[in-house]
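Here's the letter readout for the chains.
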Amino acid sequence: MSQPQTELATTTSLCPTCLERVDGTYVARDDSVYLTRSCPDHGETSRKVWESLEHWEWAGDFGPSNDGDVSDDLSVDGDHACLAVVEITQDCNLSCSYCFASSGPGGKQLSFEEVRDLLETVREEGGTRPIQFSGGEPTVHDDLVDLVAEAQEMGFEHVEVNTNGIELANRDGFADELADAGVTAIYLQFDGVTSETYEDIREVDLLDIKREAIDACRQADLPVILVPTVVPGTNDDEMGDIVRFALDNLDAVQSINFQPVSHFGRYEKNDGRFSLDEAARRLADQVEALQPRDFLPVPCCSSYCQASTAVMPNGEGGVLPLTGLLDLDNWDDLAGLVDEADWMELLAGTPVGAETVEAASSCCGIDVPSGGNVLPITLTGFMDADAADVNRLDNCCISVPTPEGDLVPFCAYNMTDESGEYELRNRHGWGGRDSVSEGGTAVIEDSTPDSSAGDADD
C-alpha cells in the first residue's frame, strides 16, 4: 500500500542507475522530503533527501531559488565559482573505505605543465578565486611545493592543500616548505578523536598522525581546517568532540567543515543519505547551546548544499553561537554585503574572511569578538546520484577545471552510478575501476610516531 504524499516542487534530476536526465519531483512523506524520479529504462526511484519537512521549508527561504533554466553541459558560471578544486594526482598513500576519487597507491600523477594548464583554466573562466590542490593525495606529488609557488605567481592568493596529513607528520620541515611556498590553509582529513573511527573509515589508525600533522602546522604557522567525513553509526557521535578538540586548538585550527557521507566513487554500501538537517541536529545534540537552526544556509549556493555557523567559547566550557545574534529579518541585507568571491574565505576563517565578517557584522550592529576565538563550522552536503538535482548543480559554487578548459560542478564531476562507476571523470582518464592498482592497501611507511615526540595539544 502506497504512503500518502504531497508534491512540493519539480526539477530536472538524474537516474541513479544510468545518470541520464529525467524529470524529478520533491514530495513530502511522513514529515520527510523525498526526491522521486522515473527512468524509462530503470523504473521509478525515491530517495529521502531531507529528514525534516519543516526544516526543508525553513531552509528554502534562504539563498537562491532552484527554479529556472539549466545548462545542457553542466559547466558552471566562472563568476559564481567560489572555490576551484584542482586535482593533481590520483596516487594516494591510503585506500580509504570512502573516497570521492576512488584513489589509491599507483594512481596517475599529472605533470607540472598539465596542472598549470588547469590553473590557467580557473584563471580564465573564474578569475583568481580560492583554489584547493587535491587528488588523490596531493602531498605525494613530486612538484607540490613548486605548484603552490606557481599558483601564487599566477595571482591565486588563497591556496589550500587537501591532505590526510601523513606527509605533514612524517617529513620534517614539509609544513614550513608549504607555508613558505604560499599555502594559506591545510584542509585536513579529520574524522574523529578515536583510533576506532580511523580504522573503520581509513582502514588504519591515524589518530596520532593527525595530531602530529596539526602540531607541524602549528609550528609552521599554517592554519588548519578540520574536515570530518561523517558516517552514520561510525563517527556521528564524535561530532561534538571534534568541535571541542578544535576549540582546544584554536591556535592552529581555523575552522571545521563536516561532510556527511555521500555515495561517490568507492564506498562499501549504498545504504541511504545523511542529510544536512540531520547532521545539524546530531551536532546540536552534542554541543550545549547549539541549535540546528544556528546553521544558516550559505547564500552563494543552494540552501540545501551548505549551512554554516560560528561559535566562540563562552568561558564556562561551552560555546556561544554567533548566528544566534543575527536578526534573520535582515539576512538578505547581511548576505548582500558579502561578495560571492569572499564566501569561501569567510567559511574557511581566513584573514580575508575575518575582515568580511567584521565589515558585514558592523553594518548590522553585531559586535564580533576579535582575538582569534571564533570558530566557523560548516556542514557541506555533496550531491550524489541519490539526490541529483540539475537545477542545484547549475548554481554550484565549487568547481573542477578539466583538460578541455571547462569548469564543471564538483558534484557532477565526481558523481557515480549505483555501481560506483563515474561519468565525467572517465572522460579525463581519472577514476573508474582501472584507474589505480587493484587491492591497494594503506601505505604509511615510517608513520609510527616516535615515542619521544610530544603530542599536539588536545
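What counts as what
- Residues numbered from 1 in each chain as written.
- Predicted model: local features only at pLDDT ≥ 70, side-chain atom pairs only at ≥ 80, totals over all residues.
- Heavy atoms only, no water.
- Helix = DSSP H or I, 4+ residues; strand = E, 2+ residues; numbered from the N terminus.
- Buried < 20%, exposed > 50% of the residue type's maximum accessible area, 1.4 Å probe, protein only.
- Phe/Tyr/Trp six-rings, centres within 6.5 Å; stacked < 30°, edge-to-face > 60°.
- Lys NZ or Arg CZ within 6 Å of the ring centre and 35° of its normal.
- Pairing = 2+ DSSP bridges.
- Axes fitted to C-alpha atoms, helices over the stretch in contact; angles between N-to-C directions.
- Salt bridge = Lys/Arg side-chain N within 4 Å of Asp/Glu carboxyl O.

Some thoughts on the side chain of Asn-93
Part 1 of the reasoning: Relative to the helices and strands, Asn-93 is located in the loop between β5 (83-87) and α2 (112-126).
Part 2 of the reasoning: Judged by relative accessible area, Asn-93 falls into the buried class, the value being 6%.

Quick look at the packing of aromatic side chains
Part 1 of the reasoning: In the structure shown here, the tally under the stated rule is eight aromatic pairs.
Part 2 of the reasoning: With centroids separated by 5.0 Å and ring planes inclined at 45°, the aromatic side chains of Phe-100 and Phe-264 adopt a geometry described as tilted. Here Phe-100, found in the loop between β5 and α2, pairs with Phe-264, found in the loop between β11 (253-260) and α9 (276-286); they are 164 residues apart in sequence, far enough to count as distant.
Part 3 of the reasoning: Taken together, a centroid distance of 5.2 Å and an interplanar angle of 75° make the contact between Phe-100 and Phe-410 edge-to-face. Residue Phe-100 is located in the loop between β5 and α2, and its partner Phe-410 is located in helix α14 (residues 410-414); the two are separated by 310 residues in the primary sequence.
Part 4 of the reasoning: By way of ring pairs, the aromatic residues Tyr-26, Trp-50, Trp-56 and Tyr-304 are connected into one cluster.
Part 5 of the reasoning: Over the ring of Tyr-34 we find Arg-29; its NZ or CZ atom is 4.1 Å from the centre of that ring.

As for the pairing of strand β9 (residues 224-227)
In the case of a regular strand, side chains alternate between the two sheet surfaces.
Part 1 of the reasoning: Residues Val-224 and Leu-226 of β9 are buried on one face, and the alternating residues Ile-225 and Val-227, pointing to the opposite face, are buried as well.
Part 2 of the reasoning: Across four bridges, the pairing between strand β8 (residues 185-189) and β9 is parallel. The residue bridging Leu-188 from the neighbouring strand is Leu-226, located in β9.
Part 3 of the reasoning: Both β9 and β11 contribute to a ladder of three bridges, which runs parallel. For Leu-226, the partnering residue across the bridge sits in β11 and is Ile-256.

Remarks on unusual backbone geometry
Part 1 of the reasoning: Between Gly-135 and the following residue, Gly-136, the backbone shows a cis peptide bond with an omega angle of 20°.
Part 2 of the reasoning: Tracing the backbone shows Gly-136 in the loop between β6 (131-134) and α3 (144-153).
Part 3 of the reasoning: Although it is not a glycine, Asp-30 adopts a positive phi angle of roughly 55°.
Part 4 of the reasoning: Mapping Asp-30 onto the fold places it in the loop between β2 (21-29) and β3 (32-39).
Part 5 of the reasoning: Look at Asp-30 and you get exposed, because its relative accessible area is 54%.
Part 6 of the reasoning: The residue Ala-289 is not glycine, and still its phi comes out positive at about 80°.
Part 7 of the reasoning: If you trace the backbone, Ala-289 turns up in the loop between α9 and β12 (296-297).

Describing the sheet that holds strand β4 (residues 43-50)
Part 1 of the reasoning: Taken in spatial order, the four strands line up as β1-β2-β3-β4 in an open sheet, and their pairing is antiparallel. Looking at which strands have only one partner, the edges of the open sheet turn out to be β1 (6-14) and β4. On average, each strand axis in the sheet is tilted by 25° relative to the strand beside it, whichever way the strands run.
Part 2 of the reasoning: Looking at chain direction, β3 and β4 are connected through seven bridges and run antiparallel. Paired with Arg-37 across the two strands is Thr-45, which belongs to β4.

Let's talk about the pattern of salt bridges
Part 1 of the reasoning: A full pass over the atoms with the stated rule returns 16 salt bridges.
Part 2 of the reasoning: Among the ionic pairs, Arg-47 bridges to Asp-386, the shortest N-O distance being 2.3 Å. Here Arg-47 is found in strand β4, whereas its partner Asp-386 is found in the loop between β15 (375-380) and α13 (390-393), with 339 residues between them in sequence.
Part 3 of the reasoning: In this structure, Arg-244 engages Asp-241 in a salt bridge whose closest nitrogen and oxygen atoms are separated by 3.1 Å. With Arg-244 and Asp-241 both in helix α8 (residues 239-248) and three residues apart, this pair spans about one turn of that helix.
Part 4 of the reasoning: One network of salt bridges, with partners in common, ties together Asp-236, Glu-278, Arg-281, Arg-282 and Asp-285.

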